[in-house]
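A closer look at the structure
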Amino acid sequence: MRTVVFSTKTYDRRTLTERNALLGYGHELIFQEARLTLESVALAAGFPAVCGFVNDVFDGPVLEALSAGGTRLIALRAAGFNNVDLRVADRLGIAVTRVPAYSPQAVAEFTVGLILSLVRSIHRAHVRTRANNFTLEGLLGFDLHGRTIGVIGTGRIGALVARIMAAGFGCRVLAHDVREDQDLLAHGVAYVDLAYLMSESDVVTLHCPLIPATRHLVNDTTIAAMKRGALIVNTSRGALVDTDAVLEGLRDGQLGGVAMDVYEQEADLFFEDLSNEIVRDDTIQRLLMFPNVLVTSHQAFFTQEALIAIADTTLASIAAFEQGRKLETAVTHALIVPR
Ligand code: NAI
């Protein structure tokens, strides 16, 4: 099927091209480096299928333009679908597919890496020793064993993080979700309400989707309810966190540190080399000044296994749509209506 693929880097183009040939789909893939926005949507005119990533914009005006240009399928190369106005897509009769689970292990393992880096200041130590500073002053951490980890959202990724932290590190794990994973109960994980989780946890890690009910779930009030000096790790979606509230919490010491792989305003920054430019986003610049802040640019998914799985599921979804088969990976507005 003729598909225009937005926001592509060399690794996307290589993997999609190789898997398209190897698996014999024969899709005609036209790659664009550009991010899909209202400014770039003309590039999609005439393509029945549009493939996008996390920072491509599928809001009302873009969807209207896509529909007018003949697009009938949006195939997301991501698990999250918060960047698509599903209500409008449903109304226009544009099908939307995603990659529900490509490698939850990739994201869970990266999350645990961020927790360890933050707790033991590994990111700071690395920078210091490269400058021949071999002191330990300021790098004092704490044992994770016996500490309390709060996991918000225990779906595919959160459940893995909960298991690794409980079984691997000997942590007490508290969880909060709108539905309980019975297997986790058997692993000693306790489901509690959000307020209790925030007040008890030494590390809070976010793994719920970004939907209206979870936007700015971490805010002034929830941060104030946390243990003084507790840490926040976010590998889910930037807007789960009110970044201004986090800055305030870091400044007055209420937060002991923050690791984030996602950022509310990441669309203008992440996946780009801006090292020769003046970055005009004061919020991220202020965050990066804190020694106890660790920022990575939406990297948690980025493993060989995940790239292949993303390509395979995306190509299969496009083929299923082309052949009029049932779309196992479809997302509709009904998915985000609170249960
Ligand atoms: P999932 O759908 O398997 O799990 C999400 C969990 O959140 C579910 O158990 C759901 O019941 C729960 N949830 C829904 N509403 C909630 C609420 N109001 N409060 C608490 N929990 C709630 O999703 P998965 O695969 O575990 O992914 C989680 C998130 O991770 C995705 O939504 C995506 O935004 C993000 N992600 C980030 C990546 C990265 O590279 N940084 C890569 C892949 C996913």
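Residues numbered from 1 in each chain as written. Predicted model: local features only at pLDDT ≥ 70, side-chain atom pairs only at ≥ 80, totals over all residues. Heavy atoms only, no water.

Another point: helix α10 (residues 243-251). Among the residues making up α10, those that are buried are Thr243, Ala245, Val246, Leu247, Gly249 and Leu250. Close packing links the buried residues of α10 with α9 (220-224), β11 (255-260), α11 (282-289) and β12 (293-295). Two or three places before aspartate 244, at the opening of α10, aspartate 242 has a side-chain oxygen 3.1 Å from that residue's backbone nitrogen. Taken from the residues just after α10, glycine 253 is the one with a positive phi, measuring 85°. (Buried < 20%, exposed > 50% of the residue type's maximum accessible area, 1.4 Å probe, protein only. Helix = DSSP H or I, 4+ residues; strand = E, 2+ residues; numbered from the N terminus. Contact = heavy atoms within 4.5 Å. Polar contact = N/O pair within 3.5 Å; in protein donor to acceptor, adjacent residues only side chain to side chain.)

For the rest of this paragraph, the subject is the side chain of arginine 19. As for its placement among the helices and strands, arginine 19 is situated in helix α1 (residues 10-22). Among the polar contacts made by the side chain of arginine 19, one reaches the side chain of aspartate 312 at a distance of 2.8 Å. Apart from the residues within four sequence positions on either side, arginine 19 is in contact with Gly24, Ile308, Ala311, Asp312 and Leu315.

Taken in spatial order, the seven strands make up an open sheet running β8-β7-β6-β9-β10-β11-β12, and their pairing is parallel. The sheet terminates laterally at β8 (190-191) and β12, the two strands that pair on one side only. Taken together, the five bridges between strand β6 (residues 148-152) and strand β7 (residues 172-176) define a ladder with parallel strand orientation. Each bridged residue has a counterpart across the sheet, and for threonine 148 the counterpart in β7 is arginine 172. Set on the sheet, helix α4 (residues 104-120) makes contact with β9 (203-206), β10 (230-234), β11 and β12; between it and β10 the angle comes to about 150°. (Pairing = 2+ DSSP bridges. Axes fitted to C-alpha atoms, helices over the stretch in contact; angles between N-to-C directions.)

Below, the discussion takes up the environment of leucine 217. Position of leucine 217 among the secondary structure elements: in the loop between β9 and α9. Look at leucine 217 and you get buried, because its relative accessible area is 13%. In the structure, leucine 217 is positioned 49 residues away from glycine 168 in sequence and 28 Å away in space, judged by C-alpha atoms. Apart from residues no more than four positions distant in its own chain, leucine 217 is found in contact with Ile152, Leu194, Leu206, Cys208, Thr222 and Leu240.

Turning our attention to empty space enclosed by the protein. A complete count under the given rule lists two cavities of 30 Å³ or more for this structure. Estimates place the volume of the largest cavity at around 100 Å³. What lines the largest cavity is simply Ser7, Tyr11, Asp12, Thr15, Leu16, Phe53, Arg77, Phe301, Leu307, Ile310 and Ala311. A total of four residues in the lining of the largest cavity trace back to one element, the largest contributor, which is α1. The residue inventory of the lining of the largest cavity, partitioned by class, reads seven nonpolar, two polar and two charged. Put simply, the second largest cavity is a space of about 60 Å³. Along its surface, the second largest cavity is lined by Ile232, Asn234, Gly238, Val241, Thr243, Val246, Val258, Met260, Val262, Tyr263 and Glu264. Only β10, α10 and β11 provide two or more residues apiece to the lining of the second largest cavity. Grouping the constituent residues of the lining of the second largest cavity by class yields seven nonpolar, three polar and one charged. (1 Å grid on protein atoms, 1.4 Å probe; cavity = no way out; pocket = protein on both sides within 12 Å on 5 of 7 lines; lining within 4 Å. Points joined across faces, edges and corners; volume = space filled by probe spheres on them. Nonpolar A, V, L, I, M, F, W, Y, C, P; charged D, E, K, R; others polar.)

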